[in-house]
Amino acid sequence: MNRLFVLCLLLILCGNTLFSQDTILDETDRDELKINAFNLIAFKYIDVAYEHILHEEASFGIAFLINAGNDDDIFDYYRQYSITPFYRRYFSKGFASGFFVEGFGMLNSGEEDFFDFNEITQETVRTGETYTDFALGISVGGKFISKKGFIAEVYGGLGRNFFSTDFSPEVVGRGGVSLGFRF
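1. Overview of a nonpolar patch on the surface
Judged by side-chain polarity, I35, L40, I41, I46, I66, Y81 and L107 come together as a nonpolar surface patch covering roughly 610 Å² of accessible area. Structurally, L107 is set in strand β5 (residues 98-118).

What follows is the structure in structure tokens.
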């Protein structure tokens, strides 16, 4: 029931944004909704973000990442979810656009796989251990915005996990190519 409510709310917000873009964007539009297209295509992560603009040089937001079925053997750690609040500072002439530096915190959870070779059965056994950790980090990037509010942004950064359980990675990444709208 809660998932249906959240999905309906997102559809209403997106529909409102899509059909209200007849006027040119101005500085009263201070909210953004984005999806990280790179993570969706490359890793099957659903990664959405909401950002609120405080003034022409600063904003804060929150991003939610959910693993939608990534079971490749490319990575040692499989992130199942992360919740990432962030604060951005912009350094360009545009209103909350252009080059930015971001500080973030990330609550992340996932699984690390171990492979053991059993000499008696001559089989490799795969086991997984889950972890939950919290990281602080920094990212840099650029945000480009059209006159009608379409957003494209590219960013990347690293954070360090602080609890460093036996199974969590020491460093987590944050990045991608996001597309969305300002409203």
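2. Things to note about the side chain of R182
Residue placement: R182 occurs in strand β8 (residues 171-182). A distance of 3.1 Å separates a polar side-chain atom of R182 from the backbone oxygen of F95. A polar atom in the side chain of R182 sits 2.8 Å from the backbone oxygen of A96.

3. A look at the pairing of strand β3 (residues 58-67)
Examined bridge by bridge, strand β2 (residues 45-55) and β3 share ten bridges and lie antiparallel to one another. Within the sheet, the bridge partner assigned to I53 lies in β3 and is S59. In this structure, the hairpin formed by β2 and β3 is closed by a connection of two residues.

4. Examining unusual backbone geometry
For residues other than glycine, phi is negative in most cases, and the peptide bonds are mostly trans. Not every positive phi belongs to a glycine, and K44 is a case in point at roughly 60°. As for its placement among the helices and strands, K44 is situated in the loop between α2 (37-43) and β2. One non-glycine residue with positive phi stands out, namely A96, at about 50°. Tracing the chain through its elements places A96 in the loop between β4 (77-90) and β5. With a relative accessible area of 0%, A96 lands in the buried category.

5. Points about the environment of K148
Tracing the chain through its elements places K148 in the loop between β6 (123-145) and β7 (150-161). For K148, a relative accessible area of 44% gives the class partly exposed.

6. Quick notes on the pattern of salt bridges
Applying the stated criterion to the full structure yields twelve salt bridges. One salt bridge connects K34 with E153, and the closest N-O pair in it is separated by 3.4 Å. Taken as a pair, K34 in strand β1 (residues 31-36) and E153 in strand β7 lie far apart in primary sequence, 119 residues in all. The burial state of K34 is the same as that of E153; both residues are buried. Residues participating in the shared-partner salt-bridge network are E32, K34, E51, R88, E102, K143, E153, R174 and R182.

Parameters at a glance
Residues numbered from 1 in each chain as written. Predicted model: local features only at pLDDT ≥ 70, side-chain atom pairs only at ≥ 80, totals over all residues. Heavy atoms only, no water. Patch = residues over 30% accessible without salt bridge, like charges linked within 9 Å, V, L, I, M, F, W, Y side chains within 5 Å. Areas by Shrake-Rupley, 256 points an atom, 1.4 Å probe, with all protein chains shown as cover. Salt bridge = Lys/Arg side-chain N within 4 Å of Asp/Glu carboxyl O. Helix = DSSP H or I, 4+ residues; strand = E, 2+ residues; numbered from the N terminus. Polar contact = N/O pair within 3.5 Å; in protein donor to acceptor, adjacent residues only side chain to side chain. Pairing = 2+ DSSP bridges. Buried < 20%, exposed > 50% of the residue type's maximum accessible area, 1.4 Å probe, protein only.

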